[in-house]
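Chain by chain, the residues run as shown.
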Amino acid sequence: MESKGTWTVADAVDYKGQPADKSKTGGWITAALILGIEIVERLSTMGIAVNLVTYLMETMHLPSSTSANIVTDFMGTSFLLCLLGGFLADSFLGRYKTIAIFSSIQALGTGALAIATKLPELRPPTCHHGEVCTPPTAFQMTILYISLYLIALGTGGLKSSVSGFGSDQFDDNDPKEKAHMAFFFNRFFFFISMGTLMAVTVLVYMQDEVGRSWAYGICTVSMVTAIVVFLCGTKSYRYKKSQGSPVVQIFQVIAAAFRKRKMEMPQSIVYLYEDNPEGMRIEHTDQFRMLDKAAIVAEGDFEQTLDGVAIPNPWKLSSVTKVEEVKMMVRLLPIWATTIIFWTTYAQMITFSVEQASTMRRNIGSFKIPAGSLTVFFVAAILITLAVYDRAIMPFWKKWKGKPGFSSLQRIGIGLVLSTAGMAAAALVEQKRLSVAKTSTNKTLPISVFLLVPQFFLVGSGEAFIYTGQLDFFITQSPKGMKTMSTGLFLTTLSLGFFVSSFLVSVVKRVTATSMDGGWLANNINQGRLDYFYWLLVILSGVNFVVYVICALWFKPTKGKDSVEMEKGKSFSVEDC
């Protein structure tokens, strides 16, 4: 007869704080309740982002470059706030409360946006083609910004905790549950892509044909419903106690190393401090040896407890394992930095590419495709690429090379190449579109919008590779106790990519604009040279790829005991975001 311990999860508790009973908590059903929050979040965020630029230009009467920057700043802030959500979840709130609080904030934001787009007092008066349009007032823009950044706060707060809380519902030490966990994460990216697909088709169509307030209202109701469903699982979830933010550990190691920067290293590493059990240690490495000084034992490093036991002060002394964990995070930074440019090119797909589409012929018979819905080809490329990779490339690669697929660094490299090709295709199409615009006086140019499909497809296919490659890399090559932080580190590449896009747009606008014309990024894209901007991104992406290859060749994965366990326990997290 099995002992009672085999029916409980060692590191999880139920909602009463008692050891979690496997038969009553966790598993597929509870994980699905959590997944619903993420699907609705993607539906809302992407449904707003991909069509926001047309609203800003056509309804709020803002210039092209200003509209693009508002969208990229909104998306960049959303992903940057993932760090805040991860910090609060790790240090104070726990993942359950973090998800509940920030999903409610996002619902509040979409509700406010629905009201802002409904009331005539919150937008400037309508103007027609050829008329001088009245710009929005400061009050109207303030209401819009409050709505958008409430959504950004909610998105960032819950995004870094959803996948982690989903993984908490499975027991790593149970082979059957571990297999279920792998299946859950392997389908995670597929489901959020389906949420995006619904956003760029049904939701965008509703915004253009039915009304934006109705579409955003549906987002609000959907999120409220998802929150209610999520809360219904409260008694069935497994909860893991917060272990503190890894950011604190990083600062402790840096502070201890700086304090001892003038001390000499011992002749052998055996004299460095280590308090972890043999099986939990990470093997010492020679890189970044200045950090090793944090593990030198010096006078005053230990403090007496009330029981008379001497314990190390973490701000003065760190173990070799903690130092190596920080080194592991430092080793990720070059790869982290060289993946930012991809998300800068991605930003063009939901800003300037949508503006291009809005000027082109979009009819299929009597049906007119919404400009924002062109991103459906982007999502389709992701789904097709994932299917081909899973069903064709992986089996072939395993048969030929004996490996289950491309490595994470190889996938990132492929994604960078495809995005560069996508920008080159975008530049060539824009040259063609501008040549037509010079000879046409119509608002809708006599050129098919389907010429934009290659750029959407190439960048979308690139995202399928780089998204999974980045996440796999940041999860498997980071310390076991820093999963949430490594996910947040990955998400900051998206954030910075959007902010770099805003920066480039502002600089190019300022440098190329003259008193006679608007430069490359004129207020009317038919009078600018958007193709030059795209070629600039091609050059930057090409240079970045060369730097990436150098960084990838320099990178050496950790091969200590802990990394072996880490590989076994975290390989499931390829889609962990």
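The text that follows walks through the structure, step by step, so that each part is easy to find. Fair warning: this is a prediction, and the values are worked out from it, not measured in the lab. (Residues numbered from 1 in each chain as written. Predicted model: local features only at pLDDT ≥ 70, side-chain atom pairs only at ≥ 80, totals over all residues. Heavy atoms only, no water.)

## Re the packing of aromatic side chains
What characterises a pair of aromatic rings is the spacing of the ring centres plus the angle enclosed by the ring planes.
Moving on, step 1. In this structure the tally under the stated criterion is 32 aromatic pairs.
Moving on, step 2. Relative to Tyr346, the ring of Trp343 lies with its centre 5.3 Å away and its plane at 65°, an arrangement referred to as edge-to-face. Residue Trp343 and its partner Tyr346 are both found in helix 9 (residues 340-349); the two are separated by 3 residues, about one turn of the helix.
Moving on, step 3. Judged by relative accessible area, which is 1%, Trp343 ranks as buried.
Moving on, step 4. Judged by centre distance (6.5 Å) and plane angle (45°), the rings of Phe406 and Phe465 are tilted. A residue pair is termed long-range when its members are at least 10 positions apart, and Phe406 in the loop between helix 11 (376-401) and helix 12 (408-438) and Phe465 in helix 13 (residues 453-476) qualify at 59 residues. As far as burial versus exposure is concerned, Phe406 and Phe465 are alike and both buried.
Moving on, step 5. Among the aromatic residues, those joined into a cluster by ring pairs are Phe79, Phe342, Trp343, Tyr346, Phe378, Tyr467, Phe473, Phe474, Phe490, Phe498 and Phe555.
Moving on, step 6. Over the ring of Phe258 we find Arg261; its NZ or CZ atom is 4.0 Å from the centre of that ring. (Phe/Tyr/Trp six-rings, centres within 6.5 Å; stacked < 30°, edge-to-face > 60°. Helix = DSSP H or I, 4+ residues; strand = E, 2+ residues; numbered from the N terminus. Buried < 20%, exposed > 50% of the residue type's maximum accessible area, 1.4 Å probe, protein only. Lys NZ or Arg CZ within 6 Å of the ring centre and 35° of its normal.)

## Overview of helix 8 (residues 320-337)
Moving on, step 1. Along its 18 residues, helix 8 runs 27 Å from first to last C-alpha, staying within 8% of the 26 Å computed at 1.5 Å per residue.
Moving on, step 2. Judged by how many residues are buried, helix 8 sits mostly within the fold: 13 of 18 residues are covered. (Expected span 1.5 Å × (residues − 1).)

## Here we look at the nonpolar core
Moving on, step 1. If you look at the biggest cluster of nonpolar residues, it comprises 137 residues, and the most contacted ones within it are Ile37, Leu56, Phe230 and Phe533.
Moving on, step 2. At 14 residues, the largest contribution of residues to this core is made by helix 1 (residues 28-58).
Moving on, step 3. In contact with Phe533, not counting residues within four places along its chain, are Gln348, Phe352, Leu504, Val505, Val508, Trp520 and Leu521.
Moving on, step 4. Judged by nonpolar contacts, the second largest core, of 5 residues, contains Tyr389, Trp397, Leu418 and Phe465. (Core = buried A, V, L, I, M, F, W, Y, C linked by side-chain atoms within 4.5 Å. Contact = heavy atoms within 4.5 Å.)

## Here's the deal with the state of the cysteines
Moving on, step 1. Throughout the structure, instances matching the rule amount to 1 disulfide.
Moving on, step 2. Cys127 shares a disulfide with Cys133; S-S distance 1.8 Å. Measuring the twist about the S-S bond at about 65°, one finds the Cys127-Cys133 disulfide to be right-handed.
Moving on, step 3. Cys127 gets classed as buried once you look at its relative accessible area, which sits at 16%.
Moving on, step 4. According to the relative accessible area criterion, Cys133 is partly exposed, its value standing at 32%. (Disulfide = S-S within 2.5 Å.)

The analysis is restricted to geometry; functional conclusions fall outside its scope.
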